[in-house]
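One-letter residues, chain by chain:
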2 protein chains.
Amino acid sequence: MKTPRTDDEHKAKMAKVQAAQARKVAAKTVEKGLVIVHTGTGKGKTSAALGMVVRALGHGMKVGVVQFVKGAMATGEKAVFDRFPDLIEFKPMGEGFTWDTQDRSRDIAVAREAWDEVKRMLADPSYAMVLADELNIVLRYDYLPLDEVLAAIAAKPAMTHFIITGRNAPQTLMDAADLVTEMTLVKHPFREQNVKAQAGIEF
Amino acid sequence: MKTPRTDDEHKAKMAKVQAAQARKVAAKTVEKGLVIVHTGTGKGKTSAALGMVVRALGHGMKVGVVQFVKGAMATGEKAVFDRFPDLIEFKPMGEGFTWDTQDRSRDIAVAREAWDEVKRMLADPSYAMVLADELNIVLRYDYLPLDEVLAAIAAKPAMTHFIITGRNAPQTLMDAADLVTEMTLVKHPFREQNVKAQAGIEF
């Protein structure tokens, strides 16, 4: 708890904060397509990417979304995407992946197919934003060579935003990113309270 | 890098993971309205909440959003919300707050007005989800008594999800939450590259 300030002290302090903020904003002049990584074991990696997709759609920007793992994006967001058919291309490619298939060569083929979609979108400057949801999982399992991802990042149009989610982001990928956020679990009702996945929260 | 496994080893390992996953899911039987806090100095707190709002809208759930700080939610999401006028009530209340006003008593009055909206939504079971965006900032400045927030949480309908964002979440609030995620800055282009706020990312 901070010591209460008088109204005059508050006003002086806020004027200083305002000036510092104005200086900071004035120094920021660069516009560029960002490479954004959401990683960590906490929740919110896909949700936060989805929030950015929604912002982009609201601005009339064209967005491509490729989902590498089944269920990471689901019914809730799908219904919203369906209201923007002219702006969003949504490719849920992950039906073959995860422990449910138990078939590595099929998983690798599905990862390849999904990655080809991402590459196509990244190579097309009409996409203002591309989201590769749960790509880190595929990299973690060595289903896709990291070098290919780094090459696509290096070659992408300057103004395209590229968002990659999933736990265990490779260090080299984070090194190539402009913005890396780690979502850290502080408290989770799944583990502690046996709460199941619920509409609006997980899907 | 993990040691490559044979296909049979992979299959056996994935079958074990699948069985463990099935046991975990079976143990989760509780459904309840969650109190969710997104905090930390990293990005993605509001974006991840926005992602949950979008999921909820996609499921046809009624959502209330109150914005305590100007600009935390902006043009992008507003344009998307406008496509769901029957489902979302969006209250951007924060015009009076932050360093730009330099008037504490006005800021306190605005915080009070915004909180009254949140309380009204939380008391109405027709709202499946309520988001108090940047409420933690207001608590941090002591513009609103934390006890009132805790009382509203204790009194809310059992199935209502209540999401609170903002850095510096009070410990007592986190103690009262079901799910707390901390967004940690690993790398940020604003600070390191003078990149300005861009459509689709920050607003």
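For every chain, the first residue of its written sequence is number 1, and the numbers climb from 1 along that sequence. Here the convention is simple: chains get letters from A, ligands get numbers from 1, in the order in which they are written. For this predicted model, a pLDDT threshold of at least 70 governs which residues receive local features, and a threshold of 80 or more governs which side-chain atom pairs are given and counted, while totals over whole chains, interfaces and linings are taken from all residues. To get the side-chain values, take all heavy atoms of the structure and skip hydrogens and water.

As annotated in an unreviewed UniProt entry, chain A carries the name Corrinoid adenosyltransferase and is attributed to Novosphingobium fluoreni. UniProt positions are given in the numbering used here, feature names are shortened, and annotations may be inferred rather than shown by experiment. In its Subcellular location (unreviewed entry) section, UniProt records this for chain A: "Cytoplasm". Under Function (unreviewed entry), UniProt gives the following word-for-word description of chain A: "Required for both de novo synthesis of the corrin ring for the assimilation of exogenous corrinoids. Participates in the adenosylation of a variety of incomplete and complete corrinoids."

Engineer: Explain the overall build of chain A here, please?
Structural biologist: Secondary structure elements are taken from DSSP: a helix is a run of H or I of four residues or more, a strand is a run of E of two residues or more, and numbering for both begins at the N terminus. For chain A, the count of helices and strands is eight helices and six strands. Referenced to the eigenvectors of the C-alpha coordinate spread, the extents of chain A come out at roughly 70 × 45 × 35 Å. Expressed as a percentage of the 203 residues in chain A, the buried residues total 54%. Here a residue-residue contact requires only that any non-hydrogen atoms of the pair lie within 4.5 Å. Of the contacts made within chain A by residues no fewer than 6 positions apart, 78% connect residues no fewer than 24 positions apart. Residue burial considers only the protein chains on display, and all accessible areas are found by Shrake-Rupley using a 1.4 Å probe. Total accessible area on chain A is roughly 8600 Å²; 53% of this is exposed by carbon and sulfur atoms. Only four residue types enter the tally: Lys and Arg on the positive side, Asp and Glu on the negative side; His and the chain ends are excluded. The atoms used to mark charge sites are NZ of Lys, CZ of Arg, CG of Asp and CD of Glu. Here chain A carries 28 positive and 26 negative side-chain charges, and the mean point of each set is 7 Å from the other. Burial status follows relative accessibility: with a 1.4 Å probe on protein chains alone, a residue under 20% of its type maximum counts as buried, one over 50% as exposed, and anything between as partly exposed.

Engineer: Can you help me understand the pattern of salt bridges in this one?
Structural biologist: Side chains bearing opposite charge may pair, as long as their charged atoms lie close to each other. A side-chain nitrogen of Lys or Arg and a carboxyl oxygen of Asp or Glu constitute a salt bridge if their distance falls within 4 Å. On inspection of all chains with the given rule, the structure shows 27 salt bridges over all chains. Between Asp178(B) and Lys32(B) there is a salt bridge whose closest N-O contact spans 2.7 Å. In this pair, Asp178(B) is assigned in the loop between α7 (171-176) and β6 (179-187) and Lys32(B) in the loop between α1 (7-27) and β1 (35-39), connecting sequence segments 146 residues apart. Among the residues examined, Asp178(B) registers a relative accessible area of 6% and is labelled buried. Judged by its relative accessible area of 24%, Lys32(B) falls in the partly exposed class. Residues Asp116(B) and Lys119(B) are paired through a salt bridge, measuring 3.8 Å at the closest nitrogen-oxygen approach. Of this pair, Asp116(B) and Lys119(B) both sit in helix α4 (residues 104-123), separated by three residues, roughly a single helical turn. You can call Lys119(B) partly exposed: its relative accessible area is 32%. If you follow the salt bridges from partner to partner, you end up with Glu89(A), Lys91(A), Glu117(A) and Arg120(A) in one network.

Engineer: Would you mind showing me how to read the interface of chain A and chain B here?
Structural biologist: Much of the literature gives interface size as the accessible area that the parts lose upon coming together. Across the boundary between the two partners, chain A contributes 83 residues, which contact 83 residues of chain B. For any pair of parts, buried area is found by adding up, for both, the accessible area (1.4 Å probe) each one loses once the two are put together. Across the chain A to chain B interface the summed buried area is about 7600 Å²; carbon plus sulfur atoms make up 57%. Our enumeration of links across chain A and chain B arrives at six salt bridges. At the level of secondary structure, the elements contributing two or more residues to the side of chain A that touches chain B comprise α1 (7-27), α2 (45-58), α3 (75-81), α4 (104-123), α7 (171-176), β6 (179-187) and α8 (189-193) of chain A. The classification used treats Ala, Val, Leu, Ile, Met, Phe, Trp, Tyr, Cys and Pro as nonpolar, Asp, Glu, Lys and Arg as charged, and all other residues, Gly among them, as polar. Along the lines of polarity and charge, the residues of the side of chain A that touches chain B split into 38 nonpolar, 22 polar and 23 charged. As paired elements, β6(A) and β6(B) share seven bridges and run antiparallel to each other. Across the sheet, residue Thr184(A) finds its bridge partner in β6(B), namely Glu182(B). Strands pair, by our definition, only if DSSP identifies at least two bridges between them.

Engineer: Looking at this structure, how should I read the relation of the copies chain A and chain B?
Structural biologist: Related by rotation about an axis and a shift along that axis, the two copies of the chain form a pair. When the copies are overlaid, the least-squares fit takes in C-alpha atoms only where the residue has pLDDT of at least 70 in both copies. Each copy superposes on the other: chain A lies on chain B with an RMSD of 0.0 Å after a rotation of 180 degrees and an axial shift of 0.0 Å. With respect to symmetry, the two chain copies, as superposed, fit the operation of a two-fold axis. Among all residues of chain A, the one whose C-alpha sits closest to the rotation axis is Ala48(A), at a distance of 1.8 Å. Most of the interface of chain A is mirrored in chain B: 100% of its interface residues are interface residues there too.

Engineer: What is the right way to read the pairing of β6(B) from this model?
Structural biologist: Each regular strand displays side chains that alternate between the two surfaces of the sheet. Here β1(B) pairs with β6(B) via four bridges, running parallel. Residue pairing across strands places His38(B) opposite Thr181(B), the latter belonging to β6(B).

Engineer: Sorry if this is basic, but what is going on with the nonpolar core here?
Structural biologist: For soluble globular proteins, nonpolar side chains are generally found buried alongside one another. Put simply, buried Ala, Val, Leu, Ile, Met, Phe, Trp, Tyr and Cys residues joined by side-chain atoms within 4.5 Å make one nonpolar core. Core analysis: the biggest nonpolar cluster contains 50 residues, and Val53(A), Leu57(A), Val53(B) and Leu57(B) have the highest contact counts within it. Apart from the residues within four sequence positions on either side, Leu57(B) is in contact with Val80(A), Val63(B), Phe81(B), Phe84(B), Leu87(B) and Ile88(B).

Engineer: Whenever I open this one, the packing of aromatic side chains confuses me. Can you help?
Structural biologist: Two rings from Phe, Tyr or Trp (for Trp, the six-membered ring) form a pair when their centres sit within 6.5 Å of each other. Planes less than 30 degrees apart are called stacked, planes more than 60 degrees apart edge-to-face, and all others tilted. Summed over the entire model, instances satisfying the criterion amount to four aromatic pairs over all chains. Their ring planes at 40 degrees and their centres at 5.5 Å tell us that Tyr141(A) and Tyr143(A) sit as a pair that is tilted. Classification of Tyr143(A) as buried rests on a relative accessible area of 5%. Lys62(B) extends its terminal NZ or CZ atom over the ring of Tyr127(B), reaching a point 4.1 Å from the ring centre. Criterion for a charge above a ring: Arg CZ or Lys NZ at most 6 Å from the ring centre, at most 35 degrees from the ring normal.

Engineer: Sorry if this is basic, but what is going on with the environment of Phe90(B) here?
Structural biologist: Mapped onto the secondary structure, Phe90(B) falls in strand β3 (residues 88-92). Each C-alpha atom of the pair Phe90(B) and Val65(B) lies 4.8 Å from the other, and the pair is 25 residues apart in sequence.

Engineer: I tried to follow the packing of α2(A) against helix α2 (residues 45-58) of chain B on my own but got confused; where do I start?
Structural biologist: A pair of packed helices is characterised by two quantities: the angle between their axes and the separation of those axes. Orientation is described by axes fitted as lines to C-alpha atoms, over the contacting stretch for helices, and by angles from 0 to 180 degrees between their N-to-C directions. Close contact between α2(A) and α2(B) brings their axes to 6 Å; oriented N to C, the two are set at 80 degrees. When the axis of α2(A) is compared with that of α2(B), the two are roughly perpendicular. Judged by residue contacts, Thr46(A), Ser47(A), Ala48(A), Leu50(A), Gly51(A), Met52(A), Val54(A) and Arg55(A) of α2(A) engage Thr46(B), Ser47(B), Ala48(B), Leu50(B), Gly51(B), Met52(B), Val54(B) and Arg55(B) from α2(B). With respect to orientation, any angle under 35 degrees is reported as roughly parallel, any angle over 145 as roughly antiparallel, any angle of 65 to 115 as roughly perpendicular, and every other angle as oblique.

Engineer: Can you walk me through the sheet that holds strand β4 (residues 129-133) of chain B in this structure?
Structural biologist: Across a sheet, paired strands are connected by hydrogen bonds in the backbone, their directions being either parallel or antiparallel. Across the sheet, which stays open at both edges, the twelve strands sit in the order β3(A)-β2(A)-β4(A)-β5(A)-β1(A)-β6(A)-β6(B)-β1(B)-β5(B)-β4(B)-β2(B)-β3(B) with mixed pairing between neighbours. In the strand order of this sheet, the two ends are held by β3 (88-92) of chain A together with β3 of chain B, each with one partner. Across the sheet, the axes of successive neighbouring strands diverge by a mean angle of 15 degrees, strand direction being ignored. Across five bridges, strand β2 (residues 63-67) of chain A lies against strand β4 (residues 129-133) of chain A in parallel orientation. Residue pairing in the sheet places Val63(A) in a bridge with Met129(A) of β4(A).

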